[in-house]
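So you can see what is in the structure, the chains are spelled out below.
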Amino acid sequence: MNPLIDNFSDQYQLTDKVCVVTGGGKGLGKTITRYLLEQGMKVAICSRNEETISKTVDEYKQTFEDNIIGMACDVSNSEQVSRFKQFVFEKFGDIHVVINNSGFGKDTLVWQTEEADWDDVMDTNVKGAYLMSKAFLPRMIENEEGFVLNIASQAALNGYANAGVYCASKFALVGLGKALQEEVREHNIHVHSLNPALIQSQKTSDETVDNGLIQNEDIGRMVVYLLSQPRRLKIDNIGFWGF
Ligand SMILES: NC(=O)c1ccc[n+]([C@@H]2O[C@H](COP(=O)([O-])OP(=O)(O)OC[C@H]3O[C@@H](n4cnc5c(N)ncnc54)[C@H](OP(=O)(O)O)[C@@H]3O)[C@@H](O)[C@H]2O)c1
C-alpha cells in the first residue's frame, strides 16, 4: 500500500488559491465559479456586461464574502485584459488558475457567415484565451506553478453543420492549449481542455433537468476534480455527453 496515493494526501489544495474565470457572470462560468468558491478559492470573474458581473458578484458575496471579485472586461481586447490583470493582482495578489470559459458561436453555414461574425467568434474564443494566458503566465512561471483550463467543446473534435466558425475556433483553442502545454511544462504549469457536448445551460429556476443533457454542475464538479489532482498527473481529452 502506498499511503501517498491511498489516503489522497497528495491532492492539490485549492483553499485560498486565486482563480480567474472568464465569462463567470452567467451560464457555465457562473456555476464553475460557485464550485471553486465552495472549495475556498478566491475567484475573479469578468465578461463584457458589467451588470451581469456585478449581479453575480453581489449574489456570491452573500456567502463567500471577499473571495469573489469581478469587473467588466472584453477578453479580446488587450488593454482591458491588462486592466483586469492589474485588478486581480491588486485585490488578490497572485494567480494560480486561469479558466478560459468565455465563448460563443454563430449558427450559420460557412459560406453565409458574415466576416464580422467570424472575427467576433475567433477573437473571443481563441484570441481571448491567448491574451488571458499571456497576461497571467509570467506570474505562474515565476511561481513555478499554475493551471490554464480552456473550456473547449465536442466541436473541438468533430465538425457540425451550421457551426463552422465555432468548430474552427474550438479546434484552434485546443491547438493553442497543446502548444502552450509544451512550452510551460518545465515550469510545472498544466494546460488542459475540456470538451463538453451540449449543455442544458441558462436554465430558469422552474425548468426541469433534461437527463439527456449535461448540466453545468456536472462540469463544475469535473473542474474541481481536475484542479485538485496531484500535479504529478496529466489528464487529457476529457469528453462529456448526455447519456
Ligand atoms: N452551452 C453548451 O452547450 C456548451 C457546450 C460545450 C462548450 N460550451 C462552451 O462553454 C462556455 C460557456 O458557455 P455557456 O453555455 O455558459 O454560454 P453563455 O451562457 O452564453 O456564456 C458565455 C459567456 O462568455 C462571455 N463572453 C462572450 N464574449 C466575451 C468577450 N469578448 N469577453 C468576455 N466575455 C465574453 C459572456 O458574457 P458577456 O456577454 O457579458 O461578455 C458569457 O458570460 C463557452 O466557451 C462555450 O463555447 C458550451
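Conventions we followed
Residues numbered from 1 in each chain as written. Predicted model: local features only at pLDDT ≥ 70, side-chain atom pairs only at ≥ 80, totals over all residues. Heavy atoms only, no water. Core = buried A, V, L, I, M, F, W, Y, C linked by side-chain atoms within 4.5 Å. Buried < 20%, exposed > 50% of the residue type's maximum accessible area, 1.4 Å probe, protein only. Helix = DSSP H or I, 4+ residues; strand = E, 2+ residues; numbered from the N terminus. Pairing = 2+ DSSP bridges. Axes fitted to C-alpha atoms, helices over the stretch in contact; angles between N-to-C directions. Contact = heavy atoms within 4.5 Å. Expected span 1.5 Å × (residues − 1). Arc of directions from axis to C-beta. Polar contact = N/O pair within 3.5 Å; in protein donor to acceptor, adjacent residues only side chain to side chain. Left-handed = near helix turned anticlockwise from the far one by under 90°. Nonpolar A, V, L, I, M, F, W, Y, C, P; charged D, E, K, R; others polar. Phe/Tyr/Trp six-rings, centres within 6.5 Å; stacked < 30°, edge-to-face > 60°. Lys NZ or Arg CZ within 6 Å of the ring centre and 35° of its normal.

- Per an unreviewed UniProt entry, the recorded name for the protein chain is NAD(P)-dependent oxidoreductase, and the organism is Thalassotalea loyana.

Some points on the nonpolar core
Link 1 in the chain: If you look at the biggest cluster of nonpolar residues, it comprises 31 residues, and the most contacted ones within it are Ile-32, Leu-36, Val-43, Ile-99, Leu-194, Ile-219 and Val-223.
Link 2 in the chain: Sorting the residues of this core by element identifies strand E1 (18-22), helix H2 (27-38), strand E2 (42-47), helix H3 (50-64), strand E4 (97-100), strand E5 (146-151), helix H7 (216-227) and strand E7 (238-240) as the ones contributing at least two each.

A few points about the sheet that holds E1
Link 1 in the chain: Spatially, seven strands are ordered E3-E2-E1-E4-E5-E6-E7 in an open sheet, and the strand pairing comes out parallel. The sheet terminates laterally at strand E3 (68-72) and E7, the two strands that pair on one side only. Averaged over neighbouring strand pairs, the angle between their axes works out to 15 degrees when direction is ignored.
Link 2 in the chain: Relative to strand E6 (residues 189-196), E5 runs parallel, the two sharing six bridges. Among the inter-strand pairings, Asn-150 is bridged to a residue of E6, identified as Ser-193.
Link 3 in the chain: Lying over the sheet, helix H5 (residues 115-143) contacts E1, E2, E4, E5 and E6, oriented at roughly 175 degrees with respect to E4.
Link 4 in the chain: Sitting on the sheet, helix H6 (residues 164-184) touches E5 and E6, and the angle it makes with E6 is about 160 degrees.

Quick look at helix H4 (residues 78-92)
Note: α-helices contain 3.6 residues per turn, so residues at a spacing of three or four share the same orientation.
Link 1 in the chain: A rise of 1.5 Å per residue sets the reference length of H4, with its 15 residues, at 21 Å; its end C-alpha atoms lie 21 Å apart and thus fit the reference within 8%.
Link 2 in the chain: Turning to H4, its buried residues are Val-81, Phe-84, Phe-87, Val-88 and Phe-92. End-on view of H4: buried residues confined to an arc of 120 degrees, all on one side of the axis. Those residues of H4 that are exposed and aimed more than 90 degrees away from the buried face are Glu-79 and Glu-90.
Link 3 in the chain: Summarising the contacts, the buried residues of H4 are in contact with E1, E2, E3 and H5.
Link 4 in the chain: The N-capping residue of H4, defined by a side-chain oxygen 3.0 Å from the backbone nitrogen of Glu-79, is Asn-77.
Link 5 in the chain: Directly beyond the C-terminal end of H4, a positive phi value near 75 degrees is found at Gly-93.

Looking at the packing of H4 against H5
Link 1 in the chain: Remark: H4 packs on H5, axes separated minimally by 9 Å, with the N-to-C direction vectors making an angle of 35 degrees. Of the two elements, H4 crosses H5, and the hand of that crossing is right-handed. Contacts between H4 and H5 involve Ser-78, Val-81, Phe-84, Lys-85, Val-88 and Phe-89 from the first element and Leu-131, Met-132, Ala-135, Phe-136 and Arg-139 from the second.
Link 2 in the chain: Per-class residue counts for the contact of H4 with H5 are eight nonpolar, one polar and two charged.

Describing the packing of aromatic side chains
Link 1 in the chain: Tallying each qualifying case throughout the model produces four aromatic pairs.
Link 2 in the chain: Ring centres of Phe-89 and Phe-136 lie 5.8 Å apart, and the angle between their planes is 75 degrees; on these two criteria the pair is classed as edge-to-face. Placement of the pair is Phe-89 in helix H4 and Phe-136 in helix H5, with a sequence separation of 47 residues.
Link 3 in the chain: Members of the aromatic cluster, each reached through a chain of ring pairs, are Phe-84, Phe-87, Phe-89 and Phe-136.
Link 4 in the chain: Sitting above the plane of the Phe-89 ring, Arg-139 keeps its charged end 4.4 Å from the centroid.
Link 5 in the chain: Taking NZ or CZ as reference, Arg-231 lies 3.6 Å from the ring centre of Tyr-12, over its face.

Here we look at the environment of Val-81
Link 1 in the chain: Tracing the backbone through its elements, the reader meets Val-81 in helix H4.
Link 2 in the chain: Distance from Val-81 to Tyr-60, taken between C-alpha atoms, is 23 Å for residues 21 residues apart in sequence.

Focus: the pairing of E1
Link 1 in the chain: Across the five residues of E1, five count as buried, placing the element largely inside the fold.
Link 2 in the chain: On E1, burial covers both faces: Val-18, Val-20 and Thr-22 on one face and Cys-19 and Val-21 on the other are all buried.
Link 3 in the chain: Pairing of E1 with E2, which is carried by five bridges, proceeds in the parallel orientation. Across the sheet, residue Val-18 finds its bridge partner in E2, namely Lys-42.

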